[in-house]
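Below are the chains, spelled out letter by letter.
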There are 2 protein chains.
Amino acid sequence: MSEFIKVAVDAMGGDNAPVEIVKGAIEATQENEKVKVYLVGQEDAVKAELAKYKYDAERVEVVHASEIIETAEPPVLAIRKKKDSSLVKALTMVKDGECDAFVSAGSTGATLVGGQLIVGRLKGVERPPLAPMIPTMTGASLLIDCGANVDARPSMLVQFAKMGSIYMENICGVKNPKVGIVNIGAEEEKGNALVKETFPLLKNCPDINFIGSVEARDIPSGMADVIVCEAFVGNVVLKMYEGTGAALLKKVKQSMMTNLRSKIGALLVKPALKETLKEFDLEQYGGAPLLGLKGLVVKTHGSSKHGEIKNSVLQCVTFKEQKINEKIKEKLSAVDEADL
Amino acid sequence: MSEFIKVAVDAMGGDNAPVEIVKGAIEATQENEKVKVYLVGQEDAVKAELAKYKYDAERVEVVHASEIIETAEPPVLAIRKKKDSSLVKALTMVKDGECDAFVSAGSTGATLVGGQLIVGRLKGVERPPLAPMIPTMTGASLLIDCGANVDARPSMLVQFAKMGSIYMENICGVKNPKVGIVNIGAEEEKGNALVKETFPLLKNCPDINFIGSVEARDIPSGMADVIVCEAFVGNVVLKMYEGTGAALLKKVKQSMMTNLRSKIGALLVKPALKETLKEFDLEQYGGAPLLGLKGLVVKTHGSSKHGEIKNSVLQCVTFKEQKINEKIKEKLSAVDEADL
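Just so you know, the residues in each chain are numbered from 1, in the order the chain's sequence is written. Chains and ligands are labelled by the order in which they are written, letters from A for the one and numbers from 1 for the other. Owing to the predicted nature of the model, reporting of local features is limited to residues with pLDDT of at least 70; listing and counting of side-chain atom pairs is limited to 80 or more, with chain, interface and lining totals taken over all residues. Calculation of side-chain values draws on the structure's entire complement of heavy atoms; hydrogens and water are dropped beforehand.

A.B. asks: Account for the relation of the copies chain A and chain B, with residues named and values stated.
C.D. replies: For the match of chain A to chain B, the screw axis carries a shift of 0.0 Å, the RMSD comes to 0.0 Å, and the turn is 180°. When the rotation and shift are considered jointly, the pair of chain copies conforms to a two-fold rotation axis. The C-alpha atom lying nearest the rotation axis in chain A is that of G265 of chain A; the distance is 1.9 Å. Residues are treated as being in contact if the distance between any of their heavy atoms lies within 4.5 Å. Looking at the interface residues of chain A, 100% of them are also at the interface in chain B, so both copies use one shared face. In superposing the copies, a least-squares fit is computed on C-alpha atoms, taking residues whose pLDDT is at least 70 in both.

A.B. asks: Give a description of the interface of chain A and chain B that names residues and reports values.
C.D. replies: The partner chain B presents 52 residues to the 52 residues of chain A that form the contact. Two parts placed together each lose some accessible area under a 1.4 Å probe, and adding up what both lose gives the buried area. Together chain A and chain B conceal approximately 4800 Å² of surface at their shared face, both sides included; 75% is due to carbon and sulfur atoms. By the criterion of area lost to chain B, the three top residues of chain A are F232, M240 and K251 of chain A, representing 15% of everything that side buries. The rule for a salt bridge is simple: a side-chain nitrogen of Lys or Arg has to be within 4 Å of a carboxyl oxygen of Asp or Glu. Our count for the chain A to chain B interface comes out at four salt bridges. Notably, a salt bridge pairs E242 of chain B with R217 of chain A, separated by 3.0 Å at the nearest N-O pair. Polar contacts here mean pairs of N or O atoms no more than 3.5 Å apart (in protein, one a potential hydrogen donor and the other a potential acceptor; neighbouring residues in sequence count only if both atoms are side-chain atoms). Across the chain A-chain B interface, the total number found is ten residue pairs in polar contact (both at pLDDT 80 or more). Secondary structure follows DSSP: runs of H or I at least 4 residues long count as helices, runs of E at least 2 residues long count as strands, and numbering of each begins at the N terminus. At the level of elements, strand 7 (178–183), helix 7 (193–203), helix 8 (231–256) and helix 9 (260–279) of chain A are the ones that each hand at least two residues to the side of chain A that touches chain B. With 21 residues, helix 8 of chain A is the single largest residue contributor to the side of chain A that touches chain B. Counted by class, the side of chain A that touches chain B contains 30 nonpolar, 13 polar and nine charged residues. Polar here means any residue outside two lists: the nonpolar Ala, Val, Leu, Ile, Met, Phe, Trp, Tyr, Cys and Pro, and the charged Asp, Glu, Lys and Arg; Gly therefore counts as polar.

A.B. asks: Let's hear about the packing of helix 4 (residues 86–95) of chain A against helix 5 (residues 108–119) of chain A: which residues, and what values?
C.D. replies: All names here are of chain A. To obtain an axis, a line is fitted to C-alpha atoms, over the contacting stretch when the element is a helix, and the angle between two such axes runs from 0 to 180 degrees between their N-to-C directions. Contact geometry for helix 4 and helix 5: axes closest at 9 Å, N-to-C directions at 35°. You can see that helix 4 and helix 5 cross each other, and the crossing is right-handed. Between helix 4 and helix 5, the residues in contact are L87, V88, L91, T92, V94 and K95 and A110, T111, G114, G115, I118 and V119, respectively. For any helix crossing, the convention is left-handed if the near helix is rotated counterclockwise from the far helix by under a right angle, and right-handed if that rotation is clockwise.

A.B. asks: Any details on helix 8 of chain A? Residues and values, ideally.
C.D. replies: Residue and element names in this part refer to chain A. Expected helix span is taken as 1.5 Å per residue step, with the number of steps being one fewer than the number of residues. For helix 8, which comprises 26 residues, the first-to-last C-alpha distance of 37 Å matches the rise-based estimate of 38 Å (1.5 Å per residue) to within 8%. Burial classification: accessible surface area is computed with a 1.4 Å probe over protein chains only, and a residue below 20% of its type maximum counts as buried, one above 50% as exposed, and the rest as partly exposed. Most of helix 8 is tucked away: 21 of the 26 residues are buried. If you check the start of helix 8, you find a side-chain oxygen 3.1 Å away from the backbone N of F232, and it comes from E230.

A.B. asks: With reference to specific residues and values, describe the pattern of salt bridges.
C.D. replies: Applying the stated criterion across every chain yields a total of 26 salt bridges over all chains. Here E49 of chain B and K52 of chain B are joined by a salt bridge, their closest N and O atoms 2.7 Å apart. Residue E49 of chain B is classed as buried on the basis of its relative accessible area, which comes to 10%. A relative accessible area of 52% places K52 of chain B in the exposed class. Across the salt bridge formed by D84 of chain B and K89 of chain B, the nearest N and O atoms sit 3.2 Å from each other. For K89 of chain B, a relative accessible area of 28% translates into the label partly exposed. Through salt bridges with shared partners, a single ionic network connects E215 and R217 of chain A together with K239 and E242 of chain B.

A.B. asks: Describe the sheet that holds strand 8 (residues 209–215) of chain A, with residues and values.
C.D. replies: Residue and element names in this part refer to chain A. Note on pairing: DSSP must find at least two bridges between two strands before they are called paired. The five strands lie next to each other as 5-6-9-7-8, forming an open sheet whose pairing is mixed. Because the sheet does not close on itself, it has two edges, and the strands there are strand 5 (133–136) and strand 8. Taken pair by pair, the neighbouring strands of this sheet meet at an average axis angle of 30°, ignoring direction. Both strand 7 and strand 9 (residues 226–228) contribute to a ladder of three bridges, which runs parallel. From the neighbouring strand, G180 faces strand 9, where its bridge partner is I227. Contacting strand 5, strand 6 (139–144), strand 7 and strand 9, helix 6 (residues 154–171) crosses the sheet at an angle of about 150° to strand 6.

A.B. asks: Hey, could you go over the side chain of T198 of chain A for me, with residue numbers and the actual values?
C.D. replies: Residue and element names in this part refer to chain A. Structurally, the position occupied by T198 is in helix 7. A polar side-chain atom of T198 sits 2.6 Å from the main-chain carbonyl oxygen of L194. With residues up to four places along the chain from it excluded, the contact list for T198 reads P154, L157, V158 and I181.

A.B. asks: Describe the sheet that holds strand 6 (residues 139–144) of chain B, naming the residues involved and giving the relevant values.
C.D. replies: All names here are of chain B. With mixed pairing, five strands are arranged side by side in an open sheet as 5-6-9-7-8. Looking at the sheet topology across the chains shown, the edges are occupied by strand 5 (133–136) and strand 8 (209–215). Neighbouring strand axes in the sheet, compared pairwise and without regard to direction, differ in orientation by 30° on average. Note that strand 7 (residues 178–183) and strand 8 share six bridges and pair parallel. Across the sheet, residue V179 finds its bridge partner in strand 8, namely F210. Its contacts with the sheet place helix 7 (residues 193–203) against strand 7 and strand 8, and it is angled at close to 170° to strand 7.

A.B. asks: How would you summarise the packing of aromatic side chains if you had to cite specific residues and measurements?
C.D. replies: Residue and element names in this part refer to chain A. Geometry of aromatic contacts follows a simple scheme: Phe, Tyr and Trp rings, the Trp one being its six-membered ring, pair when their centres are within 6.5 Å, and the pair is stacked under 30 degrees between planes, edge-to-face over 60, tilted otherwise. Counted according to the given criterion, the structure contains four aromatic pairs over all chains. Ring plane angle 50° and centroid distance 6.4 Å describe the contact between Y167 and F319, whose orientation is recorded as tilted. Of this pair, Y167 sits in helix 6 while F319 sits in helix 10 (residues 306–321), and the two are 152 residues apart along the sequence. Assessed through its relative accessible area of 2%, Y167 is described here as buried. Taking relative accessible area as the criterion, F319 reaches 6% and is therefore assigned buried.

A.B. asks: Tell me about unusual backbone geometry, and name the residues and values.
C.D. replies: Residues and elements named next belong to chain A. Note the cis peptide between I144 and D145, where omega equals 20°. Looking at where D145 falls in the secondary structure, it is placed in the loop between strand 6 and helix 6. Even without being a glycine, N176 presents a positive backbone phi close to 50°. We classify N176 as exposed; its relative accessible area is 51%.

A.B. asks: Quick rundown of empty space enclosed by the protein? Include the residues and the values.
C.D. replies: All names here are of chain B. In the cavity and pocket records, a cavity denotes points on a 1 Å grid over the protein atoms alone where a 1.4 Å probe fits but cannot get out, a pocket denotes an open set with protein on both sides within 12 Å along at least 5 of 7 lines, and lining residues are residues with an atom within 4 Å of a point. Grid points are joined across faces, edges and corners, and a volume is the space filled by probe spheres set on the points. According to the stated counting rule, one finds two cavities of 30 Å³ or more in the structure shown. Of the volumes computed, that of the largest cavity is approximately 40 Å³. Contributing to the lining of the largest cavity are D10, M12, G13, I68, I69, S86, L87, G106 and S107. Of the residues assigned to the lining of the largest cavity, the class counts are four nonpolar, four polar and one charged. Taken as a whole, the second largest cavity encloses approximately 30 Å³ of empty space. Looking at side-chain class alone, the lining of the second largest cavity contains four nonpolar, four polar and one charged residues.

Spelled out as structure tokens, the structure:
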């Protein structure tokens, strides 16, 4: 059969579906000829969008799914009931090996739950973490876990550290990535019960380059490449990043409009400022992988435009080519045996 | 006796002690004639600083303390061993009723531990939270708890909500302050075990204006006046605020230096920008009170300059005049009885 890397795309998920989703998926096939996309969703709507583009018909397929899971629906219930939804159908294609990966801008909850229930975990993986890239002063770091497993146990955080290291090294090309655990102080004795218990486990883990505690203050400066935390804390980190950034930029813009002098200054500064702030845009890095599944599930922002969808699909290619799941399986089951 | 409001100031605590501490304390006495400060620290050093200023000798007293607790020292041990430290001596003065309040820019750990061990909790208070003000798009919110009690229980968070409401209403003049709990989604069923257990307690609490979950993304926009969270999360919120702000401003400055055009623009924009960013400076609000003690303990930034020290001392006056502790005692013990 073909050697295509096959990505199922949730054509109906997200604020801008299907328009931006279809556009991004097509762009991915244009940029990389190894990609084949399966646009899963309501056939008429998807085909109407497809009609706008020229594309290699061999590498774009439409898979009809009549239902849509809405963001507000309780995830478990939605997945059980809506068997003919784009999300359930696409995840089933990954489970059955018809596709290598799945990309969705739809319901985060349903994507996380569906990933675990339908695709299933790799052997040895306790819990699959959601791991977005966040921009820093020096590049970008992987935040793992940012929302999949609240109240995680120490052993899970150790697995997050390992999976995150594999991802950063093989997908982002960071040699021997620095791993830090989010903490409320730099000293080893600081922290809550979870961090205190996890710290020595990370310290004694031979597979990772553990640099110790990272205070939240030092995350944006790029102190660690892999930032390990429990999902509640990770979500707060990510959302504070977005919220503080948005508020501060609004303030900067307001200040530039206060008088004529600053308005003129703003006109002069604008191009350079825009360029710089692009580097700090969370969305440029594409979606967040849900690591440790038998296949790849990538969750992109609900507000994703075609660029983020394209990047997310292309990310699946690297993931597959770099054999990330094989590497995770190897590292995580090796440890299981060592633990016996 | 005098009707002065008596504030013990840790003259040896913080990066800029005793220079900035003494200066700030004197300024507080100059700005409000009800204030009497007790400068606790090494007599020679403090007196050398005092010699620089004109002040009302009746309202400035030096209390000798030979030892200094360093930031890196383990708090409990330091407090037990260094009986003649400025921190232990000053806290003892609050405990004995010689002073109404204590202000320190020194070790956070020692201040928190000392506050509880030496000054002691008000009747009915389970744990005293540390509650700084953080700037928002619409003013400022109280973040409670930002570092005193990791792994707190739900009943403690309910007390934080009540104490925070009293503080915001009486110190900051916010009528019927909106109380939100930091969460990873807006829906009631979202959250970790702690938040899920705390949510209905807050919802059914008659003393507060509970508005539900607040996602971290909405904290900087000023969605809630009182932001309730467990200390680990609160610390992450506060430090992400600082870290993201600093990183983003550095980027903005860099972008303004990229070429001649933007350099000229920067010169024009600078005054307005500086004015706006002052509003977003965490330090302008003075120190963070440790609420629920028999007396007031205020922790200011380690890097505090005289302005923050002055504001923190003056904050003690409002605290005393508004009878915050009496109000806390009333609310918290009333509930204790209702619970029986």
